[in-house]
Protein chains: 4
Amino acid sequence: MNLFGDKWTFLSFGESHGRAIGGVLDGVPSGLDIDMDMIRTQLLLRSGQNAVGTSPRAKNEEDEVEWLSGVMDGKTLGTPIAFLIRNTDARPEDYEWMRTHFRPGHADYTYQQKYGIRDWRGGGRASARETAARVVAGSIARQELEKRHISIHAELVQVGNETNPKNFDTLLKQIQQEGDSIGGIVRCTVEGLPVGVGEPVFDKLQSHLAAAMMSINGCKGFDYGTGFDMSKKGSELYPEGQVPCVSSGGIEGGISNGLPVVFRCAFKPAATLAQRYKGRHDVCIAVRAIPVVEAMTAMVLINI
Amino acid sequence: MNLFGDKWTFLSFGESHGRAIGGVLDGVPSGLDIDMDMIRTQLLLRSGQNAVGTSPRAKNEEDEVEWLSGVMDGKTLGTPIAFLIRNTDARPEDYEWMRTHFRPGHADYTYQQKYGIRDWRGGGRASARETAARVVAGSIARQELEKRHISIHAELVQVGNETNPKNFDTLLKQIQQEGDSIGGIVRCTVEGLPVGVGEPVFDKLQSHLAAAMMSINGCKGFDYGTGFDMSKKGSELYPEGQVPCVSSGGIEGGISNGLPVVFRCAFKPAATLAQRYKGRHDVCIAVRAIPVVEAMTAMVLINI
Amino acid sequence: MNLFGDKWTFLSFGESHGRAIGGVLDGVPSGLDIDMDMIRTQLLLRSGQNAVGTSPRAKNEEDEVEWLSGVMDGKTLGTPIAFLIRNTDARPEDYEWMRTHFRPGHADYTYQQKYGIRDWRGGGRASARETAARVVAGSIARQELEKRHISIHAELVQVGNETNPKNFDTLLKQIQQEGDSIGGIVRCTVEGLPVGVGEPVFDKLQSHLAAAMMSINGCKGFDYGTGFDMSKKGSELYPEGQVPCVSSGGIEGGISNGLPVVFRCAFKPAATLAQRYKGRHDVCIAVRAIPVVEAMTAMVLINI
Amino acid sequence: MNLFGDKWTFLSFGESHGRAIGGVLDGVPSGLDIDMDMIRTQLLLRSGQNAVGTSPRAKNEEDEVEWLSGVMDGKTLGTPIAFLIRNTDARPEDYEWMRTHFRPGHADYTYQQKYGIRDWRGGGRASARETAARVVAGSIARQELEKRHISIHAELVQVGNETNPKNFDTLLKQIQQEGDSIGGIVRCTVEGLPVGVGEPVFDKLQSHLAAAMMSINGCKGFDYGTGFDMSKKGSELYPEGQVPCVSSGGIEGGISNGLPVVFRCAFKPAATLAQRYKGRHDVCIAVRAIPVVEAMTAMVLINI
């Protein structure tokens, strides 16, 4: 449910406008130095400070992580790392209208049906605010991966039908002025992954990556290698003798082949629009999803 | 690794040209009548008998299931259901060349690197023959779902860039004559799923579906709802008041919203081409993937 | 590692003298009213207030639970319930000697060997203080079980070789005066459990109960039914026609038979003795283990 | 349910008088040579050939293992190892009376209540015949452990109240003549286990051992270290400076301390008595449990 991984096990908790969000990360080896600055940077990217087309929770406000256990003198103990981020701008009165209103394209309706009760304040558990906890956990995983010379890099490669990154800012500003929203595609590249990572049949590397990406709020599609591109025939994609094969996207038979692993995540347009609702709203959630894609990729790789 | 699900737990086994493939399915309730004819029909579809562009393992040969346990007088006992399918046409001599040859776009290289040993006969464990065991298990799950009025239907909706089903046969025959292969997209629709299926955060319905689909041999992409289509803005997709929302693909916040769940799976062209290798080869693996997509969808839904 | 259960999943965290201990409980159904008074009472029993032969952490001090998520207006939301208990009397200077000293019969040595680092303050993660988090989680589970008319009751039935409960107080006071410690046996009875609970083979009811009890600090033995008593023959224990059978302890073939389930847990004498170390020390850890046995029994039953 | 372990995952199947029993073992590394003779020897011990007080399934008959997958030229492939043992003497007519009769102290009643259906022939899934599959899987695990210089040895240390092994044969023969049955205690010793094996809190080494032992048919109790012996005080058991501590039974804080791990399993008297039922019946199931205790110990250690 709210649990991820069986090596570095992560249990996330918290409602958007409850007392706090946070998580517990179990299975982290002892003796690891945690780079707190890197976590802070990733949290800032996720909160969308200064980025075009995003809706930072509150201007000049930072998500501050309180570490409850598992770390002593800056080093991990090998015991569960518990942390929390207080919800400092919890102003439930702003969200009073959500108590009785189901927003289209949101989880309001399905949560109400499933649980018979919901924390209606700002999306509650279904709010993308929950991804801040993922960024904290994933950043620790990423630090460990970097020690193994495995690097992860995600970037925005498409906004609407626009694929030239130079035009993204202009397009996003235009959509923002319309009070509308637009979808985007994030591409993620993993370099340094040795050959042999992933398991056959049900635990293929791409299965774990897909499940993790599809768990990110607003992600509607995942592909790798040739993906949804149907334009080429087998003879073009798999030249005789090319082993490992470039068009395989870094994975063959569910197992990394030593080439960079490259995959894409499609994000829908935000469903809450400025033209309808007060406040600041995301124009393109793919922008703020970038550090979350990286964090979840790290969580997959550390667990496989 | 070779294990799927924690309610209906399925452990699959077997190499393509070893003694047998099969599986054990644990967690099936007692007292269920198994429809053996339906399983036989699905296995025939998977083996590609009579279909254009497929390479049935052997003409007029049928995969015969031997039931070892868990069933008495045609009824399930509530104990593990073990079954096997013998590999009757295991002719290792036809595959002698594979002992030292790595096929591009296949798992030969990655298996050898990962395990230091591999069953080189016909792809061994990485062969799509393994999906026959999935079809058996998934068909039992599907029978149980049908009792709950949940139906699953997959179909081929694209071959290469062709999206008109009427033209598929002609296109496939043409590619077959070229000795080449081509990709295809399978769309799957689940009807009758009640609202409330799926869990928030990491166990979203789409995460489980994506992981299962990406585990099918040759599947390179998964999407649902708006997916990779970036052509529409938020205001078009999420009309105020439309709850549940049509463009959500049947899932909101990771939870089914009561509308049909619709998703797509992109399959690559087969990497083993008739123009290069002797024998009959699949022109479009998406064709034979259809019953596997249905079987894995059933396995996801019975386990969530 | 620090995770228990796959239906009501509990992840426990915290070092004895770190900032806080606590846990996250995922899978609790929505709409449950939590009885906070009952939790407080169980925590008091665990802390050993006023009981003979125990060492309350600090006189007149109470473990106060801070609820972080998953509860709104006193009702569960169906989302993860995170809680913490601050370590208010964390006085690391009292434990300075433990930095370099391994206590016999404790985890100091094994933790140091396993992790290469340890929180030496008061036992750190291995301290029995961790069981307070279990009592919180288990009490919620127990409240749900009581709604289903399943009751759990544990009691001290043996101290040293003394089996008459009337003599326990005198014996414990005597051992306390000697500055020594003594073992004890806790018996737990589950009433109201319907027939059919437990799974065959590896997930037998007794397997889950045994694993949970053996995970409690200082527990060295588990038995049920005839247990370690070897005095009777089969003909005496299993009279023809007695179905279900009384001597089975409420479980037959791993499955509850509808009679009360009765099992015993053997606790070792405390390894830290007042005659050696300053401060107040437990004379008989079995006394404070009683609410922990009940809590873990509830966690097993809610998860099976 | 019928699944054990998450590293070496074992799924057991089969009814006592169905077509076959067997299992699938997933996660075994590639390149391991399997010693088939050792497996055969352990199966013979389990079947009780020539031992006093046991009821071999059929005189001079051997359980023959058929290997279906995962092994090529005697070496493991790293893929699932599936095997089966046919039930050659399946004579359902001998068990016709069990169709309507519930034996006291057996799973007949609880299975019928739980499943509403049962394979009544010779105990079906609840029969101890199932442990043959555990012996096969556990023996492979044990071979791998022996390569790491970890040895496992179980032995009968008590029959009824008799603790002198020299008297066991006479006692068992006497009980056999009475047509009765008697309980026994098996002690198991693990040598060569390095310090640091086991996890804190819920995955303590003793928790996993206890769960595995309690899953063996007829096992009613587990203890280690001081166990149920309440005769000694803390000052006697934990002498100052003795680190690691002898009375800890090889485990401190849930983690192996480098000394031999020693634990005991209490087995009840067989519930099916020769004085009541036709055929040959076990006088002391502890005798045949010895190789099963060893097998399950190996399965625990390979998975932790």
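Residues numbered from 1 in each chain as written. Chains lettered and ligands numbered in written order. Predicted model: local features only at pLDDT ≥ 70, side-chain atom pairs only at ≥ 80, totals over all residues.

S.K.: Looking at this structure, I do not really get the overall build of chain A. What am I missing?
M.R.: Helix and strand content of chain A: seven helices and 13 strands. With the C-alpha coordinates aligned to their principal axes, the bounding extent of chain A is approximately 65 × 50 × 40 Å. Taken across its 304 residues, chain A has 62% of its residues classed as buried. In chain A, the proportion of contacts linking residues at least 24 apart, taken out of those at least 6 apart, comes to 71%. (Helix = DSSP H or I, 4+ residues; strand = E, 2+ residues; numbered from the N terminus. Buried ≥ 20, exposed ≤ 12 C-beta atoms within 10 Å, placed from the backbone. Contact = placed C-beta atoms within 7 Å.)

S.K.: Would you mind showing me how to read the sheet that holds strand β8 (residues 151-159) of chain C here?
M.R.: Spatially, the eight strands line up as an open sheet ordered β8(C)-β9(C)-β13(C)-β10(C)-β10(D)-β13(D)-β9(D)-β8(D), and their pairing is antiparallel. Since the sheet does not close on itself, it has two edges, and those belong to β8 of chain C together with β8 (151-159) of chain D, each with one partner. Between one strand axis and the next, the sheet turns through 20° on average, direction left out of account. Pairing of strand β10 (residues 219-224) of chain D with strand β13 (residues 261-267) of chain D, which is carried by five bridges, proceeds in the antiparallel orientation. Counted as the bridge partner of D:C219 is D:F267 from β13(D). (Pairing = 2+ DSSP bridges. Axes fitted to C-alpha atoms, helices over the stretch in contact; angles between N-to-C directions.)

S.K.: Help me understand the pairing of strand β3 (residues 20-26) of chain C, please; the structure alone is not making it clear to me.
M.R.: Regular strands have side chains that alternate between both faces of the sheet. Residues and elements named next belong to chain C. Along β3, seven of the seven residues are buried, which leaves the element largely enclosed by surrounding structure. In β3, alternate side chains face the same way, and those of A20, G22, V24 and D26 on one face and I21, G23 and L25 on the other are all buried. Bridge analysis of strand β2 (residues 9-14) against β3 gives six bridges, and the strand direction is antiparallel. Bridging from a neighbouring strand, F13 pairs with G22 of β3. Linking β2 to β3, which pair antiparallel, is a turn of five residues. Where β3 meets strand β7 (residues 81-86), six bridges bridge the pair, whose relative direction is antiparallel. Across the sheet, residue A20 finds its bridge partner in β7, namely R86.

S.K.: Just to check I follow, could you spell out the relation of the copies chain A and chain B for this structure?
M.R.: Superposing the two chain copies requires a rotation about an axis and a translation along that axis. Once chain A is rotated about the relating axis by 180° and shifted along it by 0.0 Å, it coincides with chain B to within an RMSD of 0.0 Å. Both copies of the chain, as the preceding transformation shows, are related through a two-fold rotation axis. Of the residues that chain A buries at the interface, 100% are likewise interface residues in chain B, meaning the two copies contact each other through the same surface. (Least-squares fit on C-alpha atoms with pLDDT ≥ 70 in both.)

S.K.: Would you mind showing me how to read the nonpolar core here?
M.R.: Nonpolar side chains in soluble globular proteins generally cluster together in the buried interior. With 372 residues, the main nonpolar core has A:M299, B:M299, C:M299 and D:M299 as its most contacted residues. Sequence-distant contacts of C:M299, defined by excluding residues within four places in its chain, comprise C:F4, C:G5, C:W8, C:F10, C:A137, C:G138, C:A141 and C:A212. (Core = buried A, V, L, I, M, F, W, Y, C linked by C-beta atoms within 7 Å.)

S.K.: Help me out: how do you make sense of the interface of chain A and chain B in this one?
M.R.: The parts lose accessible area when they come together, and the size of an interface is often stated as this lost area. Contact with chain A, which involves 77 residues of that partner, is made by 78 residues of chain B. Looking at the side of chain A that touches chain B, the elements with two or more residues in it are β1 (3-4), α2 (108-115), α5 (205-214), β10 (219-224) and α6 (234-237) of chain A. Its residues assigned to classes, the side of chain A that touches chain B shows 34 nonpolar, 29 polar and 14 charged. Where β10(A) lies against strand β10 (residues 219-224) of chain B, three bridges are found, and the strand directions are antiparallel. Residue pairing in the sheet places A:F222 in a bridge with B:F222 of β10(B). (Nonpolar A, V, L, I, M, F, W, Y, C, P; charged D, E, K, R; others polar.)

S.K.: Before we go on, may I ask you to explain the sheet that holds β1(A) in this structure?
M.R.: Strand pairs in the sheet, formed through backbone hydrogen bonds, run parallel or antiparallel to each other. Residue and element names in this part refer to chain A. The strand order across the open sheet built from five strands is β1-β2-β3-β7-β4, with neighbouring strands paired in antiparallel fashion. Every interior strand has two partners, whereas the edge strands, β1 and β4 (65-69), have only one. Inspection of the sheet shows β4 paired to strand β7 (residues 81-86) by four bridges, in the antiparallel sense. In the sheet register, V65 faces β7, and the bridge partner there is I85. Each of β2 (9-14), β3 (20-26), β4 and β7 touches helix α3 (residues 131-147); the most contacted strand, β3, lies at about 30° to it.

S.K.: How should the packing of helix α3 (residues 131-147) of chain D against helix α7 (residues 285-303) of chain D be read in this particular structure?
M.R.: Residue and element names in this part refer to chain D. Running from N to C, α3 and α7 point in directions that differ by 55°, and their axes come no closer than 7 Å. In this view, α3 runs oblique relative to α7, as classed from their interaxial angle. In this structure, α3 meets α7 at a crossing whose hand is left-handed. When α3 is examined against α7, the residues T131, R134, V135, A137, G138, S139, A141, R142, E144 and L145 are found in contact with a partner set consisting of P291, V292, E294, A295, M296, A298, M299, L301 and I302. Here the residues of the contact of α3 with α7 are counted per class, giving twelve nonpolar, three polar and four charged. (Parallel < 35°, antiparallel > 145°, perpendicular 65-115°, else oblique. Left-handed = near helix turned anticlockwise from the far one by under 90°.)

S.K.: Please explain the environment of D:Q143 as it appears in this structure.
M.R.: Tracing the backbone through its elements, the reader meets D:Q143 in helix α3. Those residues within four positions of D:Q143 in sequence are excluded, and the remaining contacts are D:I34, D:D35 and D:M38.

S.K.: Help me understand helix α7 (residues 285-303) of chain B, please; the structure alone is not making it clear to me.
M.R.: Three or four residues apart is the spacing at which side chains of an α-helix point the same way, because the helix has 3.6 residues per turn. All names here are of chain B. With 19 residues, α7 extends 27 Å from end C-alpha to end C-alpha; this agrees with the ideal 27 Å at 1.5 Å per step. The largest bend in α7 comes to about 35°, at P291. Summarising burial for α7: 18 of the 19 residues are buried, a large majority. (Expected span 1.5 Å × (residues − 1). Bend = angle between axes of the 7 residues up to and from the residue.)

S.K.: What am I meant to see in helix α5 (residues 205-214) of chain B here?
M.R.: The buried fraction of α5(B) amounts to ten of the ten residues, a majority that puts the element mostly inside the structure. Residues of α5(B) that are buried: B:L205, B:Q206, B:S207, B:H208, B:L209, B:A210, B:A211, B:A212, B:M213 and B:M214.

S.K.: Sorry, what's going on with the environment of B:H208 here?
M.R.: Structurally, the position occupied by B:H208 is in helix α5. With 25 C-beta atoms packed within 10 Å, B:H208 lands in the buried category. A C-alpha to C-alpha distance of 26 Å links B:H208 and B:V159, two positions 49 residues apart in sequence. For B:H208, the contacting residues outside a window of four places in its chain are A:A211, B:D203, B:V300 and B:I304.

S.K.: Which parts of the structure should I look at to understand the confidence of the model for chain A?
M.R.: Atomic detail in the predicted coordinates should be set aside for any region of low pLDDT. Overall, the predicted model of chain A reaches an average pLDDT of 93, with 96% of residues at or above 70. Predicted complex, confidence summary: ipTM 0.97, pTM 0.97. (pLDDT = per-residue confidence, 0-100.)

S.K.: Explain the pairing of strand β13 (residues 261-267) of chain A here, please?
M.R.: Residue and element names in this part refer to chain A. Burial within β13 is extensive, with six of its seven residues counted as buried. With seven bridges connecting them, strand β9 (residues 184-191) and β13 associate as antiparallel partners. Paired with I185 across the two strands is A266, which belongs to β13.

S.K.: It is not clear to me how the packing of α5(A) against helix α7 (residues 285-303) of chain A should be interpreted in this structure. Could you clarify?
M.R.: For any two helices packed against each other, one specifies the inter-axial angle together with the distance between the axes. Residue and element names in this part refer to chain A. Packing of α5 against α7 brings their axes to within 9 Å, and their N-to-C directions diverge by 145°. With respect to the hand of their crossing, α5 and α7 are arranged in right-handed fashion. Facing α5, whose interface residues are H208, L209, A212 and M213, α7 presents V293, M296, T297, M299 and V300.

S.K.: Sorry if this is basic, but what is going on with the environment of B:T41 here?
M.R.: Residues and elements named next belong to chain B. With respect to the helices and strands, T41 occurs in helix α1 (residues 36-47). Overall, the presence of 14 C-beta atoms within 10 Å leaves T41 in the partly exposed class. Sequence separation of T41 and G254 is 213 residues, and the distance between their C-alpha atoms is 33 Å.

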